[in-house]
Amino acid sequence: MASESSPLLAYRLLGEEGTALPLNGAGAPGGASARKLSTFLGVVVPTVLSMFSIVVFLRIGFVVGHAGLLQALAMLLVAYFILALTVLSVCAIATNGAVQGGGAYFMISRTLGPEVGGSIGLMFYLANVCGCAVSLLGLVESVLDVFGADATGPSGLRVLPQGYGWNLLYGSLLLGLVGGVCTLGAGLYARASFLTFLLVSGSLASVLISFVAVGPRDIPLTPRPGPNGSSLPPRFGHFTGFNSSTLKDNLAAGYAEDYTTGAMMNFASVFAVLFNGCTGIMAGANMSGELKDPSRAIPLGTIVAVAYTFFVYVLLFFLSSFTCDRTLLQEDYGFFRAISLWPPLVLIGIYATALSASMSSLIGASRILHALARDDLFGVILAPAKVVSRGGNPWAAVLYSWGLVQLVLLAGKLNTLAAVVTVFYLVAYAAVDLSCLSLEWASAPNFRPTFSLFSWHTCLLGVASCLLMMFLISPGAAGGSLLLMGLLAALLTARGGPSSWGYVSQALLFHQVRKYLLRLDVRKDHVKFWRPQLLLLVGNPRGALPLLRLANQLKKGGLYVLGHVTLGDLDSLPSDPVQPQYGAWLSLVDRAQVKAFVDLTLSPSVRQGAQHLLRISGLGGMKPNTLVLGFYDDAPPQDHFLTDPAFSEPADSTREGSSPALSTLFPPPRAPGSPRALSPQDYVATVADALKMNKNVVLARASGALPPERLSRGSGGTSQLHHVDVWPLNLLRPRGGPGYVDVCGLFLLQMATILGMVPAWHSARLRIFLCLGPREAPGAAEGRLRALLSQLRIRAEVQEVVWGEGAGAGEPEVEEEGDFVNSGRGDVEAEALARSANALVRAQQGRGTGGGPGRPEGGDTEGPTTALTFLYLPRPPADPARYPRYLALLETLTRDLGPTLLVHGVTPVTCTDL
């Protein structure tokens, strides 16, 4: 057991000596020592500060003044309802396993795969970068509102110069302070955040006390310019103290112009501002790499922070509605300072929340970037962000993010970007809900989170709510973000990513396929909906590539299984030699670009292995109904790996999960004259076994002579016209049969029609040949067949051929019933009949439409020629001793015919009913 790999080892459950190791350090930079933060410092504090941001001090009056108390509470409930749904999903995923660094990115990528996870992770990173810049610019504006030289407020000090350059300088200095704290590590950030949390809590406490302790007063408002630039008389807002009339006036909505922008407010615009201040629920999850116990800390801390901020917001809404008239609420968003017992403490709270929000965004962005770089999804572009300090702090990712924030600061005002940032956050939240929804729907046994207060209903509602909110806040930004996510996902898909993370899509597919397979009842099969389900037996794929692709064209959306028999006896082997071969065969399917499953077996003989595969391949109503074999002849095997472009190119061995070149996984073709794994006797016996098991049989000869464009997946095929010839009767028994509408003949017509539906064969014309005896009147059989083709909706050209025409021999007399190979006639007579039939088919292959010469002897091709021939395959003789003679007759019948399919159908496949 010590040599066996286990997923548990990745979680460090066992040490080298079998001792238990802590789970918390899995995958963290610098090991377990880097995980220092508790639930309170690592989750509660950053989440509370991010969800408060600057909105709690400067936008309470804006929301209540325009929306009124009732609508403001409704907005808050809707916003927190959406956030709560996402929190439930975060808690479920976080308690289902070891959460490493990267927070939301780690959860999404390990659930939905690297393509979706990487694209959303990068967008979430950009949202944190821009969010940091927005917080810093908001802080600069708040400082300049009081201390700026151009401050218009009634209490401005006007000591700091203003302008684009000065504003950029102030923002850069503040960014340097924030970046310095984050560069020194998560410990210093946590202590700084805790100090900020105390300052913000003290400031909020002073505001709450002021609502009760301060008496009614008139508060001067910012003066507005008059119609012609003249100044209007001073205006005042009123702080009334607790007054029922004030509450009554503030209950209903009263949307008006925003005095800072002049825009007319409505429900959507006010809600967007409120929601923009509540999008910090991932601040704690982003610190997952530094938490002592992230699986416990993330759900507990996030829930506590959400409940605490919700309570504070509700309390402030009620106090503002009870004590402030609508004029004060709408015309002075910073009225907390005017009613405070000590106004500087409110300023401290405003500045502290802005600083903490910027620090939270910057350190969260750096952790996401470090996780992206460590996963190597974007290559050398993010490679520098992998560098960490001795203590495990990703300082390079912090510097990388600091530089991007500095670039964003150059833009100056970011009012429009604020909506884009919110939309990016909502995309990430929707992806977390989608991850949890996928895990719940997949019903995987390993998805058993300890947090159980969620269901697929909450996850689905969370996804829908986030998408709805995105388009409500900014339709353009929502559409652009989804487009950007799609482009990033396409880029990562083209580049390729790790295949060892696990894809929930595979679990979902398994769950749905199993459910629908159970509903696919074979007792309800109907001939109207028949389709070929092929089992192709392949000895060595090097010599079978053309047949591999031809069978893929014949499946018509049905089951296609590649079968291979490895000779051996498990009793005499130390381990199963079949299991290690699956990887090579699956790589073969990928490189050949065929839609096939792989089924391998171990058996003492090929014949017994073929019986195993015919019985057990497939599942439920999806089981092979047709066996496809290559023809058994003495032609030297070809190595198509050397000439096929898909296999001649070297495999990309640098990509993770890639397989070595297929040329090293399959042995070279059998040398001419070397012994075969299958004898002629067993080959025919395999055909007989399939027919006994009520399986249709197709034998393919010379499929390697088909041009590559006929086997391609493209549309159109070749520009030159070709024919597909069908001989729907047994050429080894030309008279005395049931006519041209027996089950086997109709099966040939069906298979040829299916091939014509493939784009590469659209230009080929279907020809059906009827053989007439010397005494048969022409036209009668053709008319019956044309009527049948009309009923079957098959478009084909019908040609009658007199037996012996161009063959140089007359028709042998056959009186007895049954196939000629089963009759008592001698070998000489049977051989003569096979040669005569072969000459007849070859004579028609060079004839174009209307009987004109299409390929004269000794000349170049001048007209349409036959690309593929379908022949009726007679049943093998009942006496096994006659198998070699049967095979020799088939070889004579198909000699020099080019690509040929010998087909014997045993099941009805066509229907004239609607």
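The structure this text deals with has already been given above.
The structure presented is a predicted model; accordingly, all values stated were derived computationally and were not measured. (Residues numbered from 1 in each chain as written. Predicted model: local features only at pLDDT ≥ 70, side-chain atom pairs only at ≥ 80, totals over all residues. Heavy atoms only, no water.)

S.K.: I'd like a description of the packing of aromatic side chains, backed by residues and values.
M.R.: In total, this model carries 25 aromatic pairs according to the counting rule given. Here the aromatic rings of phenylalanine 52 and tyrosine 313 are separated by 5.8 Å at their centres, their planes lie at 75°, and the arrangement is edge-to-face. In this pair, phenylalanine 52 sits in helix α2 (residues 39-52) while tyrosine 313 sits in helix α11 (residues 294-323), placing the two residues 261 residues apart along the sequence. Each of the two residues, phenylalanine 52 as well as tyrosine 313, counts as buried. (Phe/Tyr/Trp six-rings, centres within 6.5 Å; stacked < 30°, edge-to-face > 60°. Helix = DSSP H or I, 4+ residues; strand = E, 2+ residues; numbered from the N terminus. Buried < 20%, exposed > 50% of the residue type's maximum accessible area, 1.4 Å probe, protein only.)

S.K.: Tell me about the layout of surface pockets, and please be specific about residues and values.
M.R.: The calculated volume of the second largest pocket comes to roughly 1,500 Å³. Along its surface, the second largest pocket is lined by 46 residues, and Gly539, Asn540, Gly543, Pro637 and Arg670 are the ones closest to its centre. Elements with a minimum of two residues in the lining of the second largest pocket: α20 (545-554), β4 (560-567), α21 (582-592), β6 (626-630), α24 (680-692) and β7 (696-701). Of all the elements, β4 adds the most residues to the lining of the second largest pocket, at five residues. (1 Å grid on protein atoms, 1.4 Å probe; cavity = no way out; pocket = protein on both sides within 12 Å on 5 of 7 lines; lining within 4 Å. Points joined across faces, edges and corners; volume = space filled by probe spheres on them.)

S.K.: Just give me the short version of the packing of helix α6 (residues 114-147) against helix α7 (residues 164-183), but keep the residues and values in it.
M.R.: At a closest axis distance of 9 Å, the pairing of α6 and α7 adopts a crossing angle of 120°. As the angle between them shows, α6 and α7 are arranged oblique. Viewed along their axes, α6 and α7 form a crossing whose handedness is right-handed. Contact with α6, carried on its side by Cys132, Leu136, Leu139, Val140 and Leu144, involves Asn167, Tyr170, Gly171, Leu174, Leu175 and Val178 of α7 and no other residues of that element. The residue inventory of the contact of α6 with α7, partitioned by class, reads nine nonpolar, two polar and no charged. (Axes fitted to C-alpha atoms, helices over the stretch in contact; angles between N-to-C directions. Parallel < 35°, antiparallel > 145°, perpendicular 65-115°, else oblique. Left-handed = near helix turned anticlockwise from the far one by under 90°. Contact = heavy atoms within 4.5 Å. Nonpolar A, V, L, I, M, F, W, Y, C, P; charged D, E, K, R; others polar.)

S.K.: Which residues make up the sheet that holds β6, and what values do they have?
M.R.: Backbone-to-backbone hydrogen bonds join strands into a sheet, with any given pair of strands oriented parallel or antiparallel. Strand order across the open sheet formed by 10 strands is β5-β4-β3-β6-β7-β12-β11-β8-β9-β10, with mixed pairing between neighbours. Every other strand in the sheet has two partners, leaving β5 (597-603) and β10 (797-802) as the edge strands with one partner each. Taken over all neighbouring pairs, the strand axes of this sheet differ in orientation by 25° on average, direction set aside. Bridge analysis of strand β3 (residues 534-537) against β4 gives four bridges, and the strand direction is parallel. Of the residues in β4, the one forming a bridge with leucine 534 is tyrosine 560. Most of the contacts of α24 go to β6, to which it runs at about 170°, and overall it touches β6, β7 and β12 (900-904). (Pairing = 2+ DSSP bridges.)

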